[in-house]
Amino acid sequence: MNLPNKLTVLRLVMVPVFFIAFSLPTWFGEATRTISIILMLICYVTAELSDFLDGKIARKYKLVTDLGKVMDPFADTLSHLTFFVCFYGSGIMPGLALIIIMWREFSILFLRMLMMGKGKAVAANIWGKSKTFLYAVTSILSIVFLVASHFFAGSWVGIYKIVLDIFFYLAAAASLLSFLTYVKAILDSKALSGMTR
């Protein structure tokens, strides 16, 4: 297994660790809140850094593999959905935004499997890149909110929460638009027209 794929595996390992860290106060009480926040920060930074590095290294040194093509988007989906489910569980992510994002992520995985079966790749689009950017920004803002609201309660919380809701809905909208753009591109290419039914 090459280095980019090892970094992807590291990201996959960080996902359940993030969930466990998030759940510590629920399982063991508020006394574990500080250690929970520290562990969440470490897991999130490690996951995002490994995501950035694995793609960069794979492209630069031509280490793209079939395993990496499958494992990288799976790790992305698993990590983002885990983060968002945790944010929803903490009451800072709107349920509608979570449902839209979950629907999009599972649907795009299904489409990718169909296209891979035909030996075709699903090309990136501007909405997909916007979605990725908004996922990252929203996740960072959410973690900052969890940290800051624990240590510094105040009137700023309500305003920050409104801003956070806006970013969650923007992320959901970008995810939906990117999915519709993927579907249109696939239909226009007629790549799946010969599939037996």
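Everything numeric here is computed off the predicted structure, so don't read it as measured data.

About the cut-offs
Residues numbered from 1 in each chain as written. Predicted model: local features only at pLDDT ≥ 70, side-chain atom pairs only at ≥ 80, totals over all residues. Heavy atoms only, no water. Helix = DSSP H or I, 4+ residues; strand = E, 2+ residues; numbered from the N terminus. Expected span 1.5 Å × (residues − 1). Buried < 20%, exposed > 50% of the residue type's maximum accessible area, 1.4 Å probe, protein only. Disulfide = S-S within 2.5 Å. Core = buried A, V, L, I, M, F, W, Y, C linked by side-chain atoms within 4.5 Å. Contact = heavy atoms within 4.5 Å. Salt bridge = Lys/Arg side-chain N within 4 Å of Asp/Glu carboxyl O.

Colleague: With reference to specific residues and values, describe unusual backbone geometry.
Modeller: A positive phi angle, near 55°, is found at Lys 62, a position not held by glycine. Of note, Lys 62 is situated in the loop between helix H2 (33-60) and helix H3 (66-89).

Colleague: Could you give me a rundown of helix H6 (residues 156-189), with the residues and numbers involved?
Modeller: Relative to the 50 Å expected for 34 residues at 1.5 Å per residue, H6 spans 49 Å between its end C-alpha atoms, a close match to the ideal helical length. Restricting attention to buried positions, one finds in H6 the residues Leu 164, Phe 168, Ala 171, Ala 172, Ala 174, Ser 175, Ser 178, Phe 179, Tyr 182 and Ile 186.

Colleague: Describe the state of the cysteines, listing the residues and the values that go with them.
Modeller: Throughout the structure, instances matching the rule amount to zero disulfides. No disulfide involves Cys 43; its sulfur sits 10 Å from the nearest other cysteine sulfur, which is in Cys 86. By relative accessible area, which is 1% here, Cys 86 ends up buried.

Colleague: How would you explain the nonpolar core if you had to name every residue and give the values?
Modeller: Counting residues in each nonpolar core, the largest one holds 29 residues, and the members touching the most others are Phe 18, Met 40, Phe 84, Phe 87, Met 93, Ile 101 and Phe 168. For this core, the secondary-structure elements that each account for two or more residues are helix H1 (3-28), H2, H3, helix H4 (95-117), helix H5 (126-151) and H6. Leaving out residues up to four positions away in the same chain, Phe 84 has contacts with Met 93, Leu 98, Ile 101, Tyr 135, Ser 139 and Phe 168. Core analysis: the second largest hydrophobic core is formed by seven residues, Leu 111, Met 115, Tyr 182 and Ile 186 among them.

Colleague: Describe the pattern of salt bridges, with residues and values.
Modeller: Taken as a whole and assessed by the stated rule, the structure comprises eight salt bridges. In this structure, Asp 51 engages Arg 11 in a salt bridge whose closest nitrogen and oxygen atoms are separated by 3.4 Å. One end of the pair, Asp 51, is in helix H2; the other, Arg 11, is in helix H1, and 40 residues separate them in sequence. Accessibility expressed as a relative area gives 21% for Asp 51, which makes it partly exposed. Look at Arg 11 and you get buried, because its relative accessible area is 1%. Taking the shortest distance from any N to any O, the salt bridge between Asp 54 and Arg 11 comes out at 2.9 Å. Residue Asp 54 is located in helix H2, and its partner Arg 11 is located in helix H1; the two are separated by 43 residues in the primary sequence.

Colleague: Run through the environment of Tyr 61, naming residues and quoting values.
Modeller: Relative to the helices and strands, Tyr 61 is located in the loop between H2 and H3. Spatially, the C-alpha atom of Tyr 61 lies 10.0 Å from that of Pro 4, the residues being 57 residues apart in sequence.

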